[in-house]
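What the coordinates show
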Amino acid sequence: MKKAFKIIRKVLLIIILMLIIFLVIVFTYNKIMMNKEKALLDEPLGEMLEVDGHNMCIYSEGEGEHTLVFLSGSGTASPILDFRSLYSLLDDDYRIVVVEKFGYGFSDVVNTERSFDTILRQDREALSNAGIDAPFILCPHSMSGLEAILWAQEHPDEVEAIVGLDMSLPRAYDNFNFSKTERFEKIAAIGRELGIVRFYYSDDSLPQMLSEDEKALYRAIASKIAVNDAVINEGLAIPDAVKKIDGAPKPDIPMLMFVSDGKETGIEKWSEIQKEYASELSNTTVVELDCGHYVHNYKQEQISEEMKKFIENIK
C-alpha cells in the first residue's frame, strides 16, 4: 500500500511539474508576442478623446442622413473589429460610429465604478467631444441593450430608433447568477495574465471576414485587455441598471430586434423574452435568426438588408 502511495505521489508531482513548465512556456511566449505587438497598438483605429481624465476611442466612417451607433456586448475585446462584418455593408448609406467604452479596444482600462449611468454619460460625452451629434440609431449587442434602453428612456430626443443585435433585456437577468459569472471572469483575467487567453482567440474564433492583419490586431488587443476590471465592474452594475429601467416606461420608439437561437447566451427562454418585450411595444419587429449570439458575424448580409428597409421607413 505504501508503495502504491509513493507511486501516486510521484505521478502527481510529475503532473504538477509538467503543468508548471507548460504555464511558464505559455507565459513567456505571451510576453514575447506582446512585446512584438506593441507596434500594432500604437495607432488606434478610431479617434482618442478625453473623458473623465482618461482616453476613450470613438470610430466613425461614412456619411448619411442617419447615424448608426454600435455598442458592444460585455467583454468584446475589440468592438471596432467585431462589428466590421456588419457596418462595412452599411457605410455607403449611413454614418457609422463604434463606441469603445473604457476597458474595450483602444480605450483606457479604468478601475472605477461602472454604473450604467456613468457608462451612458461617458459615451454621450465622448460622442459630443468627437462632434457626432444626435439623433442616433443605437445598435446594441448583448449587454449594451440595457444601455440603449436607458438612453432612450432618459434622452428620448437623442434616440431615433434601436436595432437590437441579439440585445439583452431586463428580464434576461431575473435568474442570472452574477456571483458565478464574476468568479469565472476573475479566473479568465488570471488566464489573460498567464497568456492562456491568447489561444482562445484563434483565427477560427474571430470574425471570418477580417483580414489576417486584422485578426492579428484583434488577438493583440484581447491578449492585453480581455476581461479586465472595467468589464468585471460593469457586469456587477447590471442589477441596479435593471431596477432603474424597470422603474420607467418602456421606450416606445421604432425598434428592429434580431434574435439568435439563444444557445450561446446561457439564458433560458432567450427568444421568448425578446418576443414578450416586443409585444408590449407598438412599433417593434422581431427577426429570429438560426445562429449564435454574435449575430452580426453570422448573418451580416441578411441583417444589413433588413436594417436598410427598416431605416427607410423610420418616420
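Presented here is an overview of the structure given in this document. A quick note: this is a predicted structure, and the numbers were derived from the prediction, not measured.

Take the sheet that holds strand S3 (residues 67-71) next. The 8 strands are arranged S1-S2-S4-S3-S5-S6-S7-S8 in an open sheet whose pairing can be described as mixed. Each of the sheet's edge strands pairs with one partner strand only, and the pair in question is strand S1 (47-51) and strand S8 (284-288). The average undirected angle you get between the axes of adjacent strands in this sheet is 20°. Sheet topology places S3 next to strand S5 (residues 136-142); 4 bridges connect them, and they run parallel. Paired with Leu71 across the two strands is Pro140, which belongs to S5.

Tallying each qualifying case throughout the model produces 17 salt bridges. One salt bridge in this structure joins Arg171 and Asp174, with 2.7 Å as the shortest N-O distance. On the accessibility criterion, Arg171 (37% relative accessible area) is partly exposed. Beyond isolated ion pairs, a larger network of salt bridges with shared partners links Asp52, Arg121 and Glu125.

Once that is clear, we can look at unusual backbone geometry. Excluding glycine, residues mostly carry a negative phi; peptide bonds, for their part, are mostly trans. For the bond running from Ala134 to Pro135, omega is 10°, close enough to zero to count as cis. For Pro135, the position within the fold is in the loop between helix H4 (116-129) and S5. Its identity as a non-glycine residue notwithstanding, Lys269 has a phi of 55°, on the positive side. In this fold, Lys269 is placed in the loop between strand S7 (255-259) and helix H11 (270-279).

Our focus in this paragraph is the packing of aromatic side chains. Enumeration according to the criterion identifies 10 aromatic pairs in this entry. Plain terms: the ring middles of Tyr200 and Tyr201 are 5.0 Å apart, the flat faces sit at 90° to each other, and that makes the pair edge-to-face. Accessibility expressed as a relative area gives 58% for Tyr200, which makes it exposed. Feature note: the residues Tyr59, Phe70, Phe83 and Tyr87 constitute an aromatic cluster, connected by ring pairs. The ring of Tyr104 carries the charged tip of Lys101 above its face, separated from the ring centre by 5.0 Å.

This paragraph deals with the state of the cysteines. One pass over the structure, following the stated rule, counts 0 disulfides. Sulfur of Cys57: no disulfide; nearest cysteine sulfur belongs to Cys139 and is 18 Å away. Residue Cys291 stays outside any disulfide, its sulfur separated by 16 Å from that of Cys139, the closest cysteine. For Cys291, a relative accessible area of 7% gives the class buried.

Attention now goes to the packing of helix H6 (residues 178-194) against helix H9 (residues 229-236). Two elements in contact, H6 and H9, have axes separated by 10 Å at closest approach and are oriented at 180°. When the interaxial angle is binned, H6 and H9 end up roughly antiparallel. Contact with H6, carried on its side by Phe178, Glu182, Glu185 and Lys186, involves Ile232, Gly235 and Leu236 of H9 and no other residues of that element. Looking at side-chain class alone, the contact of H6 with H9 contains 3 nonpolar, 1 polar and 3 charged residues.

All right, on to H6 then. Structural remark: α-helix, 3.6 residues per turn; residues separated by three or four positions point the same way. For H6, with 17 residues, the first-to-last C-alpha span of 24 Å sits near the 24 Å given by 1.5 Å per residue. Within H6, burial applies to Glu185, Ala188, Ala189, Gly191 and Arg192. Taken around the axis of H6, the buried residues stretch over an arc of 155°, which confines them to a single face. Facing away from the buried side of H6 by more than 90 degrees, the exposed set consists of Lys180, Arg183, Ile187 and Ile190. The backbone nitrogen of Ser179 has a side-chain oxygen 3.4 Å away, supplied by the residue at the start of H6, namely Asn177. Just downstream of H6 lies Gly195, where phi reads positive at about 95°.

Further remarks concern a nonpolar patch on the surface. On the surface, a nonpolar cluster with roughly 720 Å² of combined accessible area is contributed by Ile7, Ile8, Val11, Leu12, Ile15, Ile16, Ile20 and Val24. Mapped onto the secondary structure, Ile20 falls in helix H1 (residues 2-37). We classify Ile20 as partly exposed; its relative accessible area is 46%.

Summary: where empty space remains is shown by rolling a probe the size of a single water molecule over the atoms. Space inside the largest pocket adds up to approximately 1400 Å³. Around the largest pocket, the lining is made up of 44 residues, and of these Ser74, Gly75, Tyr200, His293 and Tyr294 lie nearest the centre. Residue assignment for the lining of the largest pocket shows that the elements contributing at least two residues are S5, H6, helix H7 (197-200) and H9. At 7 residues, the largest contribution of residues to the lining of the largest pocket is made by H6.

Cut-offs applied
Residues numbered from 1 in each chain as written. Predicted model: local features only at pLDDT ≥ 70, side-chain atom pairs only at ≥ 80, totals over all residues. Heavy atoms only, no water. Pairing = 2+ DSSP bridges. Helix = DSSP H or I, 4+ residues; strand = E, 2+ residues; numbered from the N terminus. Axes fitted to C-alpha atoms, helices over the stretch in contact; angles between N-to-C directions. Salt bridge = Lys/Arg side-chain N within 4 Å of Asp/Glu carboxyl O. Buried < 20%, exposed > 50% of the residue type's maximum accessible area, 1.4 Å probe, protein only. Phe/Tyr/Trp six-rings, centres within 6.5 Å; stacked < 30°, edge-to-face > 60°. Lys NZ or Arg CZ within 6 Å of the ring centre and 35° of its normal. Disulfide = S-S within 2.5 Å. Parallel < 35°, antiparallel > 145°, perpendicular 65-115°, else oblique. Contact = heavy atoms within 4.5 Å. Nonpolar A, V, L, I, M, F, W, Y, C, P; charged D, E, K, R; others polar. Expected span 1.5 Å × (residues − 1). Arc of directions from axis to C-beta. Polar contact = N/O pair within 3.5 Å; in protein donor to acceptor, adjacent residues only side chain to side chain. Patch = residues over 30% accessible without salt bridge, like charges linked within 9 Å, V, L, I, M, F, W, Y side chains within 5 Å. Areas by Shrake-Rupley, 256 points an atom, 1.4 Å probe, with all protein chains shown as cover. 1 Å grid on protein atoms, 1.4 Å probe; cavity = no way out; pocket = protein on both sides within 12 Å on 5 of 7 lines; lining within 4 Å. Points joined across faces, edges and corners; volume = space filled by probe spheres on them.

Read these as layout, nothing more, since geometry by itself doesn't imply function.
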